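Examining the three-dimensional arrangement
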Amino acid sequence: MEEIKRLIINEQIQEDEIVSLSLRPQKLHAFIGQKEVISALKISIEAAKNRKEPLEHTLFSGPPGLGKTSLAHIIANEMNSRITVTSGPAIERAGDFIGILTNLEKGDILFIDEIHRLSKTVEEFLYPAMENFKIDFIVDKGPYAKTINFNLKPFTLIGATTRSGLLATPLRDRFGIFHHLEFYEKNDLATIIKASAMKLNVAVDPQAADEIAIRSRGTPRVANRLLRRCRDYAQVKTGKSHVHEAVVKDCMKALRIDEYGLDDLDRRLLKIIKSHYQGGPVGIEALSATLNEEVDTLVDVVEPYLLKTGFLRRTSRGRELTELSIKHLVNF
Ligand code: ADP
């Protein structure tokens, strides 16, 4: 159960971290899908390069595994900039953050993943840093308090968030460029799967790539993960590194991922709304307690795909089943 859950949950797991580095597109032209975002970014990057200025601060939002981190690295490559990578929860003290900021050179990129999880104190340092490339640091307290000003070099902050709604307005307003990444279409996912298969040296039939794509929850990270599981399955069951349609179907059956990409956790969630809450509406806290899953996991990882595919509806009174999920639940 745990293994199955980990497979579909599109948060980064350790194996991903290693493989994703090799699968990550390096340049804008190699980034598949998200056409509007990519063409807007191309213009912003070209304009900044022509002006010989750093790119404006950029915010990417959207569910995990859609390419926010990849885009930050791509921007650094396209701008020929150095990139410093950190995350909201990793910056615990304002002092650590000042260290990071004062080490940035002109044109450097600072990438903050999960920027909505920055502490309030750290966030307040960011406002003048983003706006005027300055920070004021108060040392000591009471009558001995002194303000030290630091001038920073012009840099680009790239923030990534799964929950742009949790960002404080003053922070959100300081980003000049803001893009929301949407779930990927099946054809784009199939193209990503084929490109990853080439890099991993695995033969994948076009129908097999399509079968994986429809079960990937619109998410490249899940697509790459399922591809690797199918490769393992093919190697063990057939002795060959050749993924064809039947291999995918058998492998997905073994992993209990259905043709909608739903896994045990999705089905449990839908079933519980039906059995415990008469189809809803039910609040997320109550669901989290009944399922024994973190609210954040449900909101960031499980729900977005169920909402997007019409299995779940969110109303002001909570989450509800839809006709589609009621029909589908019969087959669970
Ligand atoms: P996020 O930061 O949004 O969680 P990542 O940038 O870490 O997502 O992407 C997860 C993985 O999915 C990456 O390692 C990369 O291999 C793959 N990926 C994401 N978007 C694309 C894309 N558009 N084209 C090809 N691969 C992608």
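The sections below set out a description of the structure shown in this document. All values reported here derive from a predicted model rather than from experimental measurement. (Residues numbered from 1 in each chain as written. Predicted model: local features only at pLDDT ≥ 70, side-chain atom pairs only at ≥ 80, totals over all residues. Heavy atoms only, no water.)

**What about the pattern of salt bridges?**
- Applying the stated rule across the entire model yields 20 salt bridges.
- Close ionic contact of Glu-211 with Arg-215 constitutes a salt bridge, the shortest N to O distance being 2.5 Å.
- According to the relative accessible area criterion, Glu-211 is buried, its value standing at 14%.
- Note on Arg-215: relative accessible area 7%, which makes it buried.
- With a shortest N-O distance of 3.5 Å, Asp-258 and Arg-267 are connected by a salt bridge. Comparing Asp-258 with Arg-267, the two get one shared label, buried.
- Each of Arg-256, Asp-258, Asp-264 and Arg-267 takes part in salt bridges that share partners, so that together they form one network. (Salt bridge = Lys/Arg side-chain N within 4 Å of Asp/Glu carboxyl O. Buried < 20%, exposed > 50% of the residue type's maximum accessible area, 1.4 Å probe, protein only.)

**Digging into the environment of Ile-74**
- For Ile-74, the location among the structural elements is in helix α4 (residues 68-79).
- In sequence terms Ile-74 and Gln-26 are 48 residues apart; their C-alpha atoms lie 5.4 Å from each other.
- Residues within four places of Ile-74 in sequence aside, it is in contact with Pro-25, Gln-26, Lys-27, Leu-28 and Phe-31. (Helix = DSSP H or I, 4+ residues; strand = E, 2+ residues; numbered from the N terminus. Contact = heavy atoms within 4.5 Å.)

**Topic: the side chain of Thr-322**
- Note that Thr-322 resides in the loop between β11 (318-321) and α15 (323-329).
- On the basis of relative accessible area, Thr-322 is assigned to the buried category, the value being 9%.
- A distance of 2.6 Å separates a polar side-chain atom of Thr-322 from the backbone oxygen of Gly-310.
- The contact partners of Thr-322, leaving out residues within four places of it in the chain, are Gly-310, Phe-311, Leu-312 and Arg-313. (Polar contact = N/O pair within 3.5 Å; in protein donor to acceptor, adjacent residues only side chain to side chain.)

The values reported here are purely geometric and, on their own, carry no functional implication.
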